[in-house]
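What follows is the residue order along each chain.
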Amino acid sequence: MMCYYLFYGLQSDELRTTPVLGSETNQVDYRLPYVQLLVTIPKVREQNAIVNDELYIDNAENETEWQTRLPNALIIGIRKGGTRALIDSLARHPSVRACPREVHFFDRRENYQLGLDWYKSQMPRSLNNHITIEKTPAYFVTEDAPRLIHKMSPSVKLLVAVRDPTVRAISDYAQLFEKLHGKMKSFEEYVTDDPQHRMLRTLSKIVTTGVYVTHLKNWLRYFPLEQIHFINGEELVKNPVHEMQSVEKFLGLKPFINEELYYYNETKGFPCLVPVSKKNGEQAVSGCLSETKGRPHHL
């Protein structure tokens, strides 16, 4: 299989996309610096560090007003980028209230027409000093989502989990392949337009989702870069503590996530959250991703 690597970066204050053709192999070279977006402008990181040090959220002892609230943080993408692992880890923080499902409010007209009161009603009850967060990966690739989200809250913090676009595309294809019980074209035929499989099918959603810079340009029309935090999806799997502590700092949360929240799962081959014990002697809830998450794909 021919792999395609798409590189996206920030250079000279301009966003650019540079396609690079991979080798004739089915092995993905993780050493390639595929997303320079992960190396966010140093000045932005320094500013975030200074600001967020002053934003630690304390549990107010006299705060008793539990109610549903609009989210002040959103996980907007990327599909198959590690968003489930991200929100599951965040949900363990005592100052975070995570919506248990993808609401698809800003990417589906039929939901958006129900109004912000309906959207708020989908959120978990929280205190005023909590972070309420919702995850819908489709937001990142939905053209009108940035405008609608900015209209709801110009100050909302945005989280984006990204991974190697080739690996992401393979994972996306594998899920679709399973859903359709294998009744679809091969991966090469699905993402390319020529018999030699050298020209990417630019209208394929599996391909366009991974052209991160195109979507990011749209978000930067409404939100400054320092309001968007990028998570390395590969590192989130291999070294979740490091990535999650960076997320904590970005959200202004007190440090809570550490090595004690995870254990190495030999079957999965990567760290998983320690299962949460349930009351009344019921079986503990698994802290590992489902069988369809984090699995290797062999095409």
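Since this is a predicted model, take the numbers as computed values, not measurements. (Residues numbered from 1 in each chain as written. Predicted model: local features only at pLDDT ≥ 70, side-chain atom pairs only at ≥ 80, totals over all residues. Heavy atoms only, no water.)

(A) The arrangement of unusual backbone geometry in detail. Backbone torsion omega between glycine 77 and isoleucine 78 reads 5 degrees, so that peptide bond is classified as cis. Checked against the element boundaries, isoleucine 78 lands in the loop between strand 4 (73-77) and helix 2 (83-90). Not every positive phi belongs to a glycine, and lysine 80 is a case in point at roughly 65 degrees. Within the fold, lysine 80 resides in the loop between strand 4 and helix 2. (Helix = DSSP H or I, 4+ residues; strand = E, 2+ residues; numbered from the N terminus.)

(B) Highlighting the side chain of serine 153. Along the polypeptide, serine 153 turns up in the loop between helix 5 (145-152) and strand 8 (157-162). Since its relative accessible area comes to 16%, serine 153 is described here as buried. At 3.3 Å, the side chain of serine 153 and the backbone nitrogen of valine 156 are in polar contact. (Buried < 20%, exposed > 50% of the residue type's maximum accessible area, 1.4 Å probe, protein only. Polar contact = N/O pair within 3.5 Å; in protein donor to acceptor, adjacent residues only side chain to side chain.)

(C) Broad picture of the environment of isoleucine 75. As for its placement among the helices and strands, isoleucine 75 is situated in strand 4. Judged by relative accessible area, isoleucine 75 falls into the buried class, the value being 0%. Not counting chain neighbours up to four residues away, the residues in contact with isoleucine 75 comprise Thr83, Leu86, Ile87, Leu90, Ile133, Glu134, Lys135, Thr136, Pro137 and Leu159. (Contact = heavy atoms within 4.5 Å.)

(D) Region of interest: the UniProt feature "binding site: 3'-phosphoadenylyl sulfate" (unreviewed entry) in the chain. As annotated in UniProt, the feature "binding site: 3'-phosphoadenylyl sulfate" (unreviewed entry) corresponds to Lys80, Gly81, Gly82, Thr83, Arg84, Arg163, Ser171, Lys293, Gly294, Arg295, Pro296 and His297 in the numbering used here. When neighbours within four sequence positions are excluded, glycine 82 is seen to be in contact with Ala161 and Leu236. (UniProt positions renumbered as here; feature names shortened; annotations may be inferred.)

(E) How the structure looks around helix 9 (residues 212-219). Along helix 9, 6 of the 8 residues are buried, which leaves the element largely enclosed by surrounding structure. Along helix 9, the positions that sit buried rather than exposed are Tyr212, Val213, His215, Leu216, Asn218 and Trp219.

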